[in-house]
Every structure is written in C-alpha cells, then in structure tokens.
Amino acid sequence: MSALRDIQLGFARAVYADQLGEFSHAIRPGRFPAERHLQVYRNNVMLSLTEALKAVFPVVERLVSAGFFGYAADAFIRQHPPRSGNLHDFGAAFADFLGEFPEVATLAYLPDVARLEWAWHEAFHAAEHAALDLAKLGAIAPQAYDGLRFRLHPSARLIASPYPILRIWQANQPDVHDGQAIDLDQGGDYLLVIRHATDVVIEPLTRGDYDLLARFDAGETLSQAAAEVMAAQPEFDVGAALRQHVARATVVDFAREPFNYANQERP
Amino acid sequence: MSLAPTPKTRAASAIPATAGVGLRAQHYKELISTRPNIGWIEVHSENYFGEGGAPLYYLEQARALYPLSLHGVGMSIGSTDELNLDHLNKLARLIARFEPHFVSDHLCWSSVGGDYLNDLLPLPYTPEALAHVVQRIDAIQDYLGREILIENPSTYLQFLDSEIPEAEFLTEVAKRSGCGILLDVNNVYVSATNHGIDAEQYLTAIPATMVREIHLAGFTVNRYPEGDILIDTHSAPVVDAVWSLYRTAISHLGPRPTLIEWDTDIPALAVLVEEAAKAQIILGEASVRAA
C-alpha cells in the first residue's frame, strides 16, 4: 500500500475513531503535540457536519436542545460518515438513527419529526416538473384509464405518523413561541411534502388521499390503487381525488408502463 | 430580440481583474434586486448539485447579472480512492448549464475508503503525492474538457514525509497538469503563521503567469498554552496583515480577479461589497502602475 494511502487511512481513523495511534508519527513535531494538530481537523470535521445536520433538522434540534443535538450528531457522524462530497446527501439515515438512540427512546415522535424534516430537505432540492398535460390525458380512451400508472411530482414525499408531527413541526418553527402543550394522543398525521416553484409546503392529507398517492408512488395502476383504497374506505371518491391532485400538480404524469426511477433521486 | 449576451460570448470572456464576492443563500434576493457594483460572483459548486428548486433558480438569475466562478470543496482531488465520477458528472452538468468562467477546487483530499470528512485535508508534499495529484487533475480536466484552478489550502499540521515546500509543490502541479492556480492569500498567511514559514517568500515563489484568481477571507485564532493556531473559518473581515500581503501579491502578479469569501457568521451583503471595494482600490492602483 502506498505511503499516501496509509496517511489518508490513518488520518480518517484519527478523526472518526479518535484513534491517533501510529498516525501520530506521521505528523511533524512542531510547537504543539501531534494530538493538538489533529484536534483542529477533528473539530473542523465534526463541527461542519454537525452544522450540516442542524441546517436540515432544526426542529429536532429545538426539541432536544442544542447541547443534546451536538451529542447525538457526534455519535451519528461517527457511525454514518458522509459517503459523498455532496452534503445534500448527508443525514438520510438520521431519523432511523434517532429511532435506535437509547437516550431519546422516551421521545417516540422524534424519528418521525426527523423524517418530516428530511422529506422537506429532499423536496427542496428535487427536480422541477410541469403540471400534467391534460391534452395528453385527453388522448387516452376513458376505458383505458384503469391501466394507467400516475406519477407524483418529483418533490412529493408522503409521511404517515401515529403522532401529531405537523403540529409539533409548526410549534417549533424559529419565529413561533407556542407555549401550548401538544397532546400526543390527539391522533396521527398523513402528510404530503411538496415543492411549488421554490416553496416547500407540508399539506395534511386524508387517509384515503394518502393511500391513493402512496399506491401511485409505488407504481400501481389506477385500478389496482382504487381497488385497494376503496376496500378500506368504500365511500372514498377516487375520481374526485385524482382530479384534485392533478389540478394541484401533485400528480404530474402518467404512463401505461411502470416508471423507471433509476435516474431519479428517490428515497 | 433579447439583449442578453449569447451563451457563447458569456463563456468566452474571462473574468476581468476586478473584485467579486462569494454568493451565499441569504443574499440571493438582495443581490438580484439591488445588483451591487461588484465585478463577479463565485459560488460553491456542491450547493447546486440538487436537481431543482431555489438554489438553481436564484443562481440562474444571478448568472444573468454577473460573471460566475464555480468553486468546489468536495472533489477530493488528492484522495487515493477512485475519482468520484458521480461528483464529476454533477459538476459537468452545472458547468454546461451555467457556463462559469472559472472552475476550481483545492490542493487537498477529503475522502478515503468511501468516507468523506467534509474538510480540506492536507497532503504530504512528496514526489508520490505530486505524481498522484497531477494524474488526478489530468483526469478531471480531460473529463470536463477545460482548465481547472487549484487553490492552496490552509493547513494545521505538516507531515514528517513532506520534502517539497508547498509553493513549489503547487507550482509543479500546475506546470505538469496545465491547471491554473487560485492563490488564497489568507490561506498563505494562515499556513505561514501556523508553520513558521515566510509568507512573502511563498507568494513570490509562485509564477505570476499561473495565477488566475485570488481569494481573501478572515480567520479566527485558537489560543493554547503553547501559542496560537489560526483557523481559516471565513468568518471575519480580512485582517490588515492579509491586506498588506495582498498588496505584495498584486505587485508581484499584477492585477487578478479577487474574491471576498465569507461562510460562517455571514454579515449583510453590504459588508461583503465594502470588503470587495477595498480590494478593488488596490487592484485599481496596480492597474494605474501597470499602465
């Protein structure tokens, strides 16, 4: 192995695993002990990645306090260091990590709040897409609608939680000082996170709308999705819901064949 | 008919030897609506690696108003991992869309074994590292089909193995790979102070013809019982000592496009524009002398 690679592997271990070990011999002795030199880099790395997480998960930070967030972020960064030089990708595993972090086990809603914030972050950077072309839909014979697969806007993310995470999210925005207690038993949320132009919005959905959009997102045809949704909720009007989601540009395209998401950044 | 220049002429004209500022998200709207009197803008390439949304929307508008430089912090040029083609692809896509005048990254590495550290980590200045960096820059320039600029980093440690002075290493990289140099005068000051090197000697060791761009920024000081370590935080105004070093650099190099960088505790846009105006005065004096 090359001397250069040895240095890089030793450096990374010294930063992420706190093991200076043999690597200290690679550092030229100067005014400071080797550990001091390395500590500057360790601080830079941990601080910049913690800031990156804070920027994506400000509500989680506010819920657990800045001090505890730093502690959790430190553990997360060491377990899940970034795997690309594009920081937009960093933090995808944070919600699941919080779900297994013993210190926040009593905050059962916290991982879902983190999922909501990650969905917001993804929606913010997702691709643009025009509204559904009604002329293209008009060219389809109505009897063929059943076989169509409808596609959601690239920014659309669906989140379901047994906790009132939208209320929690709203009460913990920077300019909000909502002292009212939130009843965790008030019921859960079905949410759509989506970007209109440059603005990300979070919209509460009915159970039926959530199920329909989730089945579209999973690639089911209209008839498959409708059958499943109506088996659970016979009174749900699939046609009206579809028209509404087309009008609001939640549903933006359709095809007879399954969509190929290979080139898309999907969760 | 549109009065906007066609993309071809945009790309062909070089950034003039004027002062610009680093554009960050909090200043998008103000920059676009007030159009401050600055020569050009620079952004961090990776902040625009998304597929859509606000960053690209605002960069499109800012690009219509100012010459643009794309400055990378995540290419990990010195890494012994395989070149990250996904990263390069995203950069190539950005270059095709925004037609920047400069594309740059750092003389550093930031990843190994697939793990990224999100920092500009130092290289040992050895013949092995030199050959490696040259080969990587060759590959990147071939892939992008254009010259890139390489910036000297701020460093906080030196390797025992390092046998080539940084200025000489950087010059040799540029000579062998044909890349340009982005000379960060603040980084020269920070590294020189941290390692007890002569900053002016460093500057004058860099051949003027290779330097395409200059960076200026502020640092912070970490105090320890054994002494101070300067940290390149881009969080403060440019200090007097760095302004003085900048004058030396300009008298050695001639006027060069100069950028004010500020990334932490980012102040009002007006503060950045004011810093740029100071650099512009020094550039103006040099142009008069050169005439």
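Note that the coordinates shown come from a computational prediction; the quantities given were computed from them, not determined experimentally.

### As for the overall build of chain A
Point 1. Along its length, chain A carries 11 helices and 5 strands.
Point 2. Taking 18 Å as the expected radius of gyration for a compact globule of 267 residues, we find that chain A reaches 23 Å, considerably beyond that expectation.
Point 3. Overall size of chain A, expressed as C-alpha extent along the three principal axes, is 80 × 50 × 30 Å.
Point 4. For chain A, with 267 residues in total, the buried portion stands at 49%.
Point 5. When the accessible surface of chain A is summed, it comes to about 12800 Å², and 53% of that surface belongs to carbon and sulfur atoms.
Point 6. Of the side chains in chain A, 23 bear a positive and 34 a negative charge, and the two mean positions are spaced by 7 Å.

### With respect to the interface of chain B and chain A
Point 1. Of the residues lining the interface, 53 residues belong to chain B; the matching set on chain A comes to 45 residues.
Point 2. At the junction of chain B with chain A, the criterion picks out 3 salt bridges.
Point 3. Note that Glu226 of chain B is salt-bridged to Arg36 of chain A, the shortest N-O span being 2.7 Å.
Point 4. Here chain B is connected to chain A by 24 residue pairs in polar contact (both at pLDDT 80 or more).

### Side note on the pattern of salt bridges
All names here are of chain A.
Point 1. Taken as a whole and assessed by the stated rule, the structure comprises 27 salt bridges over all chains.
Point 2. The salt bridge involving Glu35 is made with Arg42; its shortest N-O contact spans 2.9 Å.
Point 3. Classification of Arg42 as buried rests on a relative accessible area of 6%.
Point 4. Salt bridges linked by common partners bring Asp18, Glu35, Arg42, Asp74 and Arg78 together as one network.

### Considering the packing of aromatic side chains
Residues and elements named next belong to chain A.
Point 1. Under the defined criterion, the tally for this structure stands at 27 aromatic pairs over all chains.
Point 2. Look at Phe11 and Tyr41: their rings are 5.3 Å apart centre to centre, the planes differ by 75°, and that puts the pair in the edge-to-face class. Placement of Phe11 in helix α1 (residues 3-16) and of Tyr41 in helix α2 (residues 34-56) is noted, with a sequence separation of 30 residues between them.
Point 3. By relative accessible area, which is 0% here, Tyr41 ends up buried.
Point 4. A connected cluster of aromatic rings, assembled from ring pairs, spans Phe57, Phe68, Phe69, Tyr71, Phe76, Phe90, Phe94, Phe97, Phe101 and Trp118.
Point 5. Between the NZ or CZ atom of Lys136 and the centre of the ring of Phe254, over which it lies, the distance is 4.8 Å.

### Focus on the environment of Asp115 of chain B
Point 1. Following the sequence through the fold, Asp115 of chain B ends up in strand β6 (residues 115-121).
Point 2. Sequence spacing of Asp115 of chain B and Tyr143 of chain B is 28 residues, and the spatial spacing of their C-alpha atoms is 23 Å.
Point 3. Filtering out sequence-adjacent residues up to four positions away, Asp115 of chain B remains in contact with Pro81, Pro82 and Arg83 of chain A together with Ser110 of chain B.
Point 4. Within polar-contact distance, the side chain of Asp115 of chain B engages the side chain of Arg83 of chain A at 2.6 Å.

### Thoughts on the domain arrangement of chain A
All names here are of chain A.
Point 1. Each assigned domain of chain A is listed with its residue range as follows: domain 1 (1-84) and domain 2 (108-267).
Point 2. Here domain 1 and domain 2 have C-alpha centroids that lie 37 Å from each other.
Point 3. Between domain 1 and domain 2, the residue contacts involve 8 residues of the former and 15 residues of the latter.
Point 4. Across the domain 1/domain 2 interface, buried area totals approximately 960 Å², and carbon plus sulfur atoms make up 68% of it.
Point 5. By the criterion of area lost to domain 2, the three top residues of domain 1 are Val59, Arg62 and Leu63, representing 57% of everything that side buries.
Point 6. On inspection of domain 1 and its partner domain 2, the count reaches 4 residue pairs in polar contact (both at pLDDT 80 or more).
Point 7. When residues of the side of domain 1 that touches domain 2 are assigned to their parent elements, the largest contribution, 6 residues, is made by helix α3 (residues 58-64).
Point 8. Across the side of domain 1 that touches domain 2, the residue classes break down as 7 nonpolar, no polar and 1 charged.

### Concerning empty space enclosed by the protein
Point 1. Considering all chains together, one arrives at 2 cavities of 30 Å³ or more under this definition.
Point 2. Forming the walls of the largest cavity are Pro82, Ser84, Gly85 and Leu87 of chain A together with Val73, Gly74, Ser110, Tyr116 and Asn118 of chain B.
Point 3. Taken together, the residues of the lining of the largest cavity break down into 4 nonpolar, 5 polar and no charged.
Point 4. Lining the second largest cavity, in full, are Ser45, Glu46, Phe49, Gly72, Met75, His87, Leu91, Val103, Ser104 and Asp105 of chain B.
Point 5. Among the residues making up the lining of the second largest cavity, the classes are represented as 4 nonpolar, 4 polar and 2 charged.

### Some points on the confidence of the model for chain B
Point 1. The pLDDT averaged across chain B works out to 94; a share of 95% of its residues lies at or above 70.
Point 2. Segment residues 1-12 of chain B: pLDDT under 50, and 9 contacts once partners within four positions in sequence are set aside and those in other chains are kept.

### Section: the sheet that holds strand β8 (residues 180-184) of chain B
Residues and elements named next belong to chain B.
Point 1. Taking strand neighbours around the barrel as the criterion, the 8 strands line up as β1-β2-β3-β4-β7-β8-β9-β12 in a closed arrangement whose pairing is parallel. Taking the axes of each pair of neighbouring strands and ignoring which way they run, one obtains an average angle of 30° across the sheet.
Point 2. Taken together, the 2 bridges between strand β1 (residues 19-22) and strand β2 (residues 41-44) define a ladder with parallel strand orientation. The partner of Val21 across the bridge, within β2, is Ile41.

### Examining the sheet that holds strand β4 (residues 199-204) of chain A
Residue and element names in this part refer to chain A.
Point 1. Pairing is antiparallel in the open sheet, where 3 strands are placed in the order β2-β3-β4. Each having just a single partner strand, β2 (157-161) and β4 make up the two edges of the open sheet. Here the strands of the sheet are splayed against their neighbours by 20° on average, with no regard to which way each runs.
Point 2. Pairing between β2 and strand β3 (residues 189-196): 5 bridges, direction antiparallel. Counterpart to Arg157 in the pairing with β3 is Val193.

### Describing unusual backbone geometry
All names here are of chain A.
Point 1. Not every positive phi belongs to a glycine, and Asp18 is a case in point at roughly 60°.
Point 2. Structurally, Asp18 is set in the loop between α1 and α2.
Point 3. Judged by its relative accessible area of 43%, Asp18 is partly exposed.
Point 4. For Ala249, which is not glycine, the phi torsion reads 60° and is therefore positive.
Point 5. The topology assignment puts Ala249 in the loop between α11 (238-247) and β5 (251-255).
Point 6. Residue classification places Ala249 among the buried positions, given a relative accessible area of 19%.

Calculation criteria
Position labels on residues start from 1 in each chain and follow its written sequence. The lettering of chains begins at A and the numbering of ligands begins at 1, in the order of writing. Totals for whole chains, interfaces and linings use all residues, but because this is a predicted model, local features are given only for residues with pLDDT of at least 70 and pairs of side-chain atoms are given and counted only at 80 or more. The basis for every side-chain value is the complete set of heavy atoms in the structure, and neither hydrogens nor water enter the calculation. A helix here means a DSSP run of H or I that spans at least four residues, while a strand means a run of E at least two residues long, and both kinds are numbered starting from the N terminus. This radius of gyration counts C-alpha atoms alone. The globule rule is 2.2 Å times how many residues there are, raised to the power 0.38. Only protein chains enter the area calculation, which uses a 1.4 Å probe; residues under 20% of their type maximum are buried, those over 50% are exposed, and those in between are partly exposed. Accessibility throughout is a Shrake-Rupley quantity obtained with a 1.4 Å probe, and a residue counts as covered only by protein chains that appear here. The convention is simple: Lys and Arg are positive, Asp and Glu are negative, and His and the chain ends are not counted. Working definition for charges: the position is that of NZ of Lys, CZ of Arg, CG of Asp or CD of Glu. Residues are treated as being in contact if the distance between any of their heavy atoms lies within 4.5 Å. Think of a salt bridge as a Lys or Arg side-chain nitrogen and an Asp or Glu carboxyl oxygen that are within 4 Å of each other. By the criterion applied in these results, polar contacts are pairs of N or O atoms within 3.5 Å in which, for protein atoms, one can donate a hydrogen and the other can accept it, and in which residues neighboring in sequence qualify only through two side-chain atoms. Note on aromatic contacts: the rings of Phe and Tyr and the six-membered ring of Trp form a pair at centre separations within 6.5 Å, being stacked when their planes are under 30 degrees apart, edge-to-face when over 60 apart, and tilted otherwise. When the NZ atom of lysine or the CZ atom of arginine is within 6 Å of a ring's centre and also within 35 degrees of its normal, the charge is said to sit over that ring. Domain boundaries shown here were taken from an automatic or database domain assignment. Two parts placed together each lose some accessible area; with a 1.4 Å probe, that loss summed over both constitutes the buried area. Ten residues, namely Ala, Val, Leu, Ile, Met, Phe, Trp, Tyr, Cys and Pro, are considered nonpolar, four, namely Asp, Glu, Lys and Arg, are considered charged, and the remaining ones, Gly among them, are considered polar. In the cavity and pocket records, a cavity denotes points on a 1 Å grid over the protein atoms alone where a 1.4 Å probe fits but cannot get out, a pocket denotes an open set with protein on both sides within 12 Å along at least 5 of 7 lines, and lining residues are residues with an atom within 4 Å of a point. Grid points are joined across faces, edges and corners, and a volume is the space filled by probe spheres set on the points. Every residue gets a pLDDT, meaning the predictor's confidence in that residue, from 0 to 100. We treat two strands as partners when DSSP finds at least two bridges between them. For helices, the fitted axis covers only the stretch in contact; all axes are lines through C-alpha atoms, and the angles between them, taken along N-to-C directions, range from 0 to 180 degrees.

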